[in-house]
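Chain by chain, the residues:
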Amino acid sequence: MNDMATVSIGKASVCVIDECSLSPCGSQACLDPDTRASKTSDYVCSCPGGMPSKVGGIATCSMGSVDECTTSPCGLQQCSDPDQQATSTGDFICSCQTGTGTATGMAATCVLDECLSSPCGSQVCTDTNTDAAALSDFICSCQAPSTGTATGTLAVCMLDECLASPCKAAQTCADPDTSSSMLHDFTCTCNNGVKATGGSATCELDECAADPCGAGQRCYDPDKMYTQQHDYVCTCISDATRTQIDAPALCSVDECASSPCAAGQSCVDPDHGTNMLKDYTCTCVNGVKATGGSATCELDECAVSPCAMGQTCSDPNTSYIAQHDFKCTCDSDLTAFQIAGPAQCIYDECSNSVCGTGQVCLDLNVSKHSLKDFTCTCANGVKATGGAATCEIDECTSIPCGAGQTCYDPDTRYNMQHDYTCTCDSDSSITQVDGPAT
């Protein structure tokens, strides 16, 4: 066991254990008369007062009744102890005085729905917090369609009768008193001022009064009720068979309004009479025209010479609607061409600075098919074809040092100038680079 200990008596050792250290008696008193390890289950459990007791187990106590409620464990709640045995503790019951709720061995959580007592009458009641301590927080709400709420008391209900749209279309509704006790006092008013109380008004509207048909037409409104709009009829005076409901009649027709001609053509309708159709003309920019349909226009884009000199122009489709399709072809190179613009027939290789510094470039054949034929020429006449030339220049040939001095040019390449040396004949230790020695 964990609580076993060793005690030395003379030269001998004795193992001891206090069985009470393991709490075998629970809440009763425990005594272990012999703690030697060889003596087990000899502990004694005793009831309060010492009697009765039991060896090796929990004693059965009977000491009369104990009412746990005498200590008021429930506070202001009602307390009851169904089993008042001294050995039976924590079994008291707490019951709510206000609301509902019970709990054993602790205070109860009390719940009170105030709406159960119908404090709102015929209104809708809601108790969002049913804690018994939260009183008078219920909410009274008016029955639809009335509106209004109040907390802890009856709501004042309002009813705007106009919300139900009691008036006919296009009439204005007004409710002067929205209290729920004042019903059928709303008024319906027409746009022309006619009104009625407690119901829709009977409105009159002659749509022809606004002259919607225009000149040369007669207007007739068969039903002048305000709810019967857009039923007026327009009739042509010149042709009574031509009528239109809710819009002016089509007494004349401009056929060009529908853009019957092709793009780029002008349209003219000489007679707008409804009995004169397909008499419009379509005219091309070049004067070609057609009646009753699009004209077939021809436009040769090459006529304005859009290509550069030395190029041939061709237009595969001369229809007016097929523009920007002409082709420019180089006379010197039929494989070089451009659509809708001049072709690139010349390619001067010298434009890319292909020669070295100080060299002159010349491209004798600027055709794009003749490449690497350019020449690079040095100032001293040395030249190369298809690349930069290797130029030589001996700066001493111009006698830059003067009399009594010797000139030496260590590098005669063209790009290595100003490196010549002048040395005094009388004293070779006196020299000067790129100028006479002193």
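All residue numbers refer to positions counted from 1 along the written sequence of the respective chain. Residues qualify for local features only when their pLDDT is at least 70, as the model is predicted, and side-chain atom pairs are given and counted only at 80 or more; totals for whole chains, interfaces and linings, by contrast, use all residues. Note that the side-chain values use all heavy atoms of the structure and ignore hydrogens as well as water.

**Side note on the state of the cysteines**
Cysteine pairs can be linked by a disulfide, which is a covalent bond between their two sulfur atoms.
Inference 1: Disulfides are defined as pairs of cysteine sulfur atoms found within 2.5 Å of each other. Per the counting criterion, the structure on display carries 21 disulfides.
Inference 2: Paired by a disulfide, C401 and C422 hold their sulfur atoms 1.8 Å apart. Taking the sign of the S-S torsion, about -85 degrees here, the bridge from C401 to C422 comes out left-handed. Here the residue C401 occupies a position in the loop between β26 (383-385) and β27 (405-408), and C422 occupies one in strand β28 (residues 421-424), the gap between them amounting to 21 residues.
Inference 3: Not engaged in a disulfide, the cysteine C15 finds its nearest cysteine sulfur in C20; these two sulfurs lie 19 Å apart.
Inference 4: We note that C424 lacks a disulfide partner, and the nearest cysteine sulfur, in C422, lies 8.8 Å from it. A run of H or I in DSSP becomes a helix once it reaches four residues, and a run of E becomes a strand once it reaches two; helices and strands are each numbered from the N terminus.

**Regarding the sheet that holds strand β23 (residues 337-339)**
Inference 1: Criterion used throughout: strands pair if DSSP finds at least two bridges between them. Taken in spatial order, the 3 strands of this open sheet run β21-β22-β23, and their pairing is antiparallel. At either end of the open sheet lies a strand with only one pairing partner, and these are β21 (311-314) and β23. Averaged over all pairs of adjacent strands, the angle between their axes in this sheet comes to 20 degrees, without regard to strand direction.
Inference 2: Both strand β22 (residues 327-330) and β23 contribute to a ladder of 3 bridges, which runs antiparallel. Bridged to C328 within β23 is Q338. The axes are straight lines fitted to the C-alpha atoms, using for helices just the contacting stretch, and the angles between their N-to-C directions are given from 0 to 180°.

**Let's talk about the sheet that holds strand β5 (residues 53-55)**
Inference 1: Read across the sheet, 3 strands follow the order β3-β4-β5 without closing on themselves; strand pairing throughout is antiparallel. Strands at the two margins of the open sheet, each flanked by one partner only, are β3 (29-31) and β5. Strand after strand, the sheet turns through a mean of 20 degrees between neighbouring axes, direction not considered.
Inference 2: The sheet contact formed by β3 and strand β4 (residues 44-46) spans 3 bridges and is antiparallel. In the strand pairing of β4, C30 is matched with C45.

**Digging into the pairing of β22**
Inference 1: Of the strand pairs in this sheet, β21 and β22 are connected by 4 bridges, and their pairing is antiparallel. Residue Q311 lies in a different strand from β22, and its bridge partner there is C330.
Inference 2: Linking β22 to β23, which pair antiparallel, is a turn of 6 residues.

**Considering the environment of D113**
Inference 1: Turning to its location among the elements, D113 is positioned in the loop between β8 (102-104) and β9 (124-126).
Inference 2: For D113, a relative accessible area of 29% puts it in the partly exposed group.
Inference 3: On a C-alpha basis, the gap between D113 and A134 in space is 9.9 Å, while along the polypeptide they are 21 residues apart.
Inference 4: For the purposes of these results, a polar contact is taken to be a pair of N or O atoms within 3.5 Å, where, inside protein, one atom must be able to donate a hydrogen and its partner to accept one; residues adjacent in sequence count only when each atom of the pair is a side-chain atom. Within the structure, the side chain of D113 is placed 3.1 Å from the backbone nitrogen of C115, a separation counted as a polar contact. A 1.4 Å probe rolled over the protein chains alone gives each residue an accessible area, and that area as a share of the maximum for its type sets the label: buried under 20%, exposed over 50%, partly exposed in between.

**Re the confidence of the model for the chain**
Inference 1: What pLDDT conveys is the predictor's confidence in a given residue, as a value from 0 to 100. Per-residue pLDDT for the chain has a mean of 84; in total, 92% of the residues score no lower than 70.
Inference 2: Taken element by element, the predicted model of the chain shows its lowest mean pLDDT in strand β1 (residues 5-9) (54) and its highest in β28 (95).

**Observations concerning the side chain of D81**
Inference 1: Within the secondary structure, D81 sits in the loop between β6 (78-80) and β7 (93-95).
Inference 2: By the counting rule applied here, Lys and Arg register as positive and Asp and Glu as negative, while His and the ends of each chain are not counted. One speaks of a salt bridge when a side-chain nitrogen belonging to Lys or Arg is within 4 Å of a carboxyl oxygen belonging to Asp or Glu. K54 is the oppositely charged side chain nearest to the buried, salt-bridge-free D81, at an N-O distance of 24 Å.
Inference 3: Here the side chain of D81 touches E68 through a polar contact of 2.9 Å, landing on its backbone nitrogen.
Inference 4: When checking whether two residues touch, look at their non-hydrogen atoms; a contact exists if any pair is within 4.5 Å. When residues no more than four places from it in sequence are discounted, the contact partners of D81 are V66, D67, E68, C69, D91 and F92.

**Here's the deal with unusual backbone geometry**
Inference 1: A cis geometry characterises the amide bond from A144 onward to P145, with omega recorded as 10 degrees.
Inference 2: Relative to the elements of secondary structure, P145 occurs in the loop between β10 (139-141) and β11 (149-151).
Inference 3: Even without glycine at this site, H230 takes up a positive phi of about 65 degrees.
Inference 4: Within the chain, H324 stands out as a residue other than glycine whose phi angle is a positive 65 degrees.
Inference 5: The topology assignment puts H324 in the loop between β21 and β22.

**Details of the pairing of strand β16 (residues 233-236)**
Inference 1: Here strand β15 (residues 217-220) runs beside β16; their pairing, made up of 4 bridges, is antiparallel. Looking across to β16, one finds that R218 is bridged to T235.
Inference 2: Here β16 pairs with strand β17 (residues 243-245) via 3 bridges, running antiparallel. Opposite T235, over in β17, you have T243 as the bridge partner.
Inference 3: As consecutive antiparallel partners, β16 and β17 are separated by 6 residues.

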